[in-house]
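Reading the structure
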Amino acid sequence: MDDLPLADLVAFTAVARERSFRVAARKRAVSASSLSEAIRRLEERLGVRLLNRTTRSVTPTEAGERLMERLTPAMSEIAVALDDINSFRDRVGGTLRLNVPTVAAMVVMPDIVNRFLKNYPGISVEIVAEDSFIDVLAAGFDAGIRYDERLEKDMIAVPIGPRQQSYVTAAAPAYLAANGTPRHPRDILEHRCIGHRFLSRSNAPWDFEKDGETIVISPSMVIATNSIDIERSAAVAGLGIIRTFREFLAPQLATGELVPILEEWETAFSGPFLYYASRRHMPGPLRAFVDFLNIEQRRTREK
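Quick look at the structure, then. By convention here, each chain's residues receive numbers from 1 onward along its written sequence. Restriction of local features to residues with pLDDT of at least 70 applies here, the model being predicted, together with a cutoff of 80 or more for giving and counting side-chain atom pairs; totals for whole chains, interfaces and linings are based on all residues. As a rule here, side-chain values cover all heavy atoms of the structure and leave hydrogens and water aside.

Considerations on the overall build of the protein chain
Our working rule: Comment: elements are numbered from the N terminus, with helices defined as DSSP H or I runs of at least four residues and strands as E runs of at least two. Three labels apply to residues, based on accessible area from a 1.4 Å probe with only protein chains included: buried if under 20% of the type maximum, exposed if over 50%, partly exposed otherwise in between. Computed by Shrake-Rupley with a 1.4 Å probe, the accessible areas treat only the displayed protein chains as cover when residues are assessed.
When you go through the protein chain residue by residue, the secondary structure sums to 9 helices and 16 strands. Within the protein chain, buried positions represent 40% of all 303 residues. Looking at the protein chain as shown, the accessible area adds up to about 16,600 Å², and 50% of this sits on carbon and sulfur atoms.

Describing helix α1 (residues 6–18)
Definition in use: Working rule for helices: expected span equals 1.5 Å times residues minus one.
Taking 1.5 Å of rise per residue, the 13 residues of α1 would be expected to cover 18 Å, and the 18 Å separating its terminal C-alpha atoms lies within 8% of that figure. Within the span of α1, buried status applies to Asp8, Leu9, Val10, Ala11, Phe12, Thr13, Ala14, Val15 and Ala16. Arginine 19 sits one or two positions beyond α1 and adopts a positive phi of about 55°.

A word on the nonpolar core
As a reminder of what qualifies: Buried Ala, Val, Leu, Ile, Met, Phe, Trp, Tyr and Cys residues that are joined via side-chain atoms within 4.5 Å together make up what is termed a nonpolar core. The criterion used for residue contact is that any of the two residues' heavy atoms lie within 4.5 Å.
Among the nonpolar cores identified, the biggest contains 23 residues, and Ile160, Leu274 and Phe289 are the most heavily contacted of them. Among the secondary structure elements, those contributing two or more residues to this core are β3 (94–100), α5 (102–119), β5 (143–146), β16 (273–277) and α9 (284–302). Here phenylalanine 289 is in contact with Leu96, Leu98, Met109, Ile112, Phe116, Ile160 and Leu274, once residues within four sequence places are set aside. Counting 20 residues, the second-largest nonpolar core is a separate cluster that includes Val15, Leu35, Leu50 and Leu51.

Some thoughts on the sheet that holds strand β12 (residues 221–225)
Stated precisely, the cut-off is as follows: Two strands are counted as paired when DSSP detects at least two bridges linking them. Helix axes are fitted only over the stretch in contact, all axes being lines through C-alpha atoms; the angle between N-to-C directions runs from 0 to 180 degrees.
Here we have 5 strands laid out as an open sheet, ordered β12-β9-β13-β8-β14, and mixed in their pairing. The open sheet has two edge strands with one neighbour each: β12 and β14 (259–261). Neighbour-to-neighbour, the strand axes of this sheet turn through a mean angle of 35°, independent of strand direction. Bridging between strand β8 (residues 167–171) and strand β13 (residues 241–245) involves 4 bridges; their strand directions are antiparallel. Note on β13: the bridge partner recorded for tyrosine 167 is phenylalanine 245. On the sheet, helix α8 (residues 246–255) packs against β8, β13 and β14 and is oriented at approximately 125° with respect to β13.

Some points on the pattern of salt bridges
Heads up, the rule is: The salt bridge criterion pairs a side-chain nitrogen of Lys or Arg with a carboxyl oxygen of Asp or Glu, the two atoms within 4 Å.
Following the criterion strictly, the structure yields 13 salt bridges and no others. Among the ionic pairs, arginine 40 bridges to glutamate 37, the shortest N-O distance being 2.5 Å. Of this pair, arginine 40 and glutamate 37 both sit in helix α3 (residues 32–46), 3 residues apart, roughly one helical turn. Assessed through its relative accessible area of 32%, glutamate 37 is described here as partly exposed. Connected via shared salt-bridge partners are Asp8, Glu37, Arg40, Arg41 and Glu44.

Thoughts on the sheet that holds β16
Backbone-to-backbone hydrogen bonds pair the strands of a sheet. The strands run either parallel or antiparallel. Here 5 strands make up an open sheet; going across it, the order is β4-β3-β5-β16-β6 and the pairing mixed. Looking along the sheet, the strands with just one partner apiece sit at the ends: β4 (123–129) and β6 (155–159). Geometrically, the sheet is characterised by an average inter-axis angle of 30° between neighbouring strands, direction not taken into account. The pairing of β3 with β4 spans 7 bridges and is parallel. By the bridge assignment for β4, leucine 98 is matched with isoleucine 127. Most of the contacts of α5 go to β4, to which it runs at about 175°, and overall it touches β3, β4 and β5.

Examining the packing of aromatic side chains
Quick note on the threshold: In this scheme Phe, Tyr and Trp rings, the latter by its six-membered ring, pair at centre separations within 6.5 Å, and the angle between planes marks the pair as stacked below 30 degrees, edge-to-face above 60, and tilted otherwise. Criterion for a charge above a ring: Lys NZ or Arg CZ within 6 Å of the ring centre, and within 35 degrees of the ring normal.
Under the defined criterion, the tally for this structure stands at 9 aromatic pairs. Consider the rings of phenylalanine 116 and phenylalanine 289, whose centres lie 4.9 Å apart with planes at 75°: the pair is edge-to-face. Here phenylalanine 116 is found in helix α5, whereas its partner phenylalanine 289 is found in helix α9, with 173 residues between them in sequence. With a relative accessible area of 0%, phenylalanine 116 lands in the buried category. On the basis of an interplanar angle of 35° and a centroid distance of 5.9 Å, the ring pair of tyrosine 147 and phenylalanine 245 is categorised as tilted. Here phenylalanine 245 lies in strand β13 and tyrosine 147 lies in the loop between β5 and β6, a separation of 98 residues in the sequence. Aromatic ring contacts, followed pair by pair, group Tyr147, Tyr167, Phe245, Phe248 and Phe269 into a single cluster. Above the face of the phenylalanine 273 ring, arginine 163 is positioned so that its terminal group lies 4.8 Å from the ring centre. Above the plane of the ring of phenylalanine 208 lies arginine 243, whose end atom (NZ or CZ) is 4.1 Å from the centre.

As structure tokens, this is what we get:
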């Protein structure tokens, strides 16, 4: 087994991670048939099936899962070793892979990534936006973005984006005219609400704070979804009360399509952080991104 081709192992990890020959091929800029042939060779050499394939899905077998678990950190180390070579070149290159919450993808990342890529034209960026809290390193990402209460132990955190954010509770004027305006968070329990549902199928509770008093409620939802577009549309249509990041509703609040309520119960919270594992040899693209963020924060403080 000493002469197993690294390219075939890389092909396997790509397909197993994406659970799709087509997606893996597109990301690696190769043909799906070449990936299929690479995995056929690997399975033949190992004498064990690594992937279950149907017309609708590709899933790792038990043997494939075990191989994937062992290969992922090894592939990361290989990537780090290759990225270290960037220090011998005038321009940093490679791919930066980030896992971020939906709100960060919509509010924080566009402007930052655009400016970063203009400064580092040799780097490409892959961003996966999702609201499930995965182990980003085990999933093959270089770093993740989380809010402070979600930061994992033994990780380094770097501020990214606005240092303060807030929620807003709002409803359409027509809804409030027909159903009344809540004067206290508990009044919301008598109203129809529009909620955010995580991929784990749990609804996010609504918590309010005023003068040191915290109230947490779990209102009944007329709509629960992980799509902010659907949530916002339902609120504008007058179907119920919505509570989400203020940035998501800023245009509708500005036009009066939605009206804020219970504003005296809203408090600001700290903004997001980029977090990554503490290690001596950082991948070149991640090192460049962290340096870029530190410079950005320093310029912000100096203004």
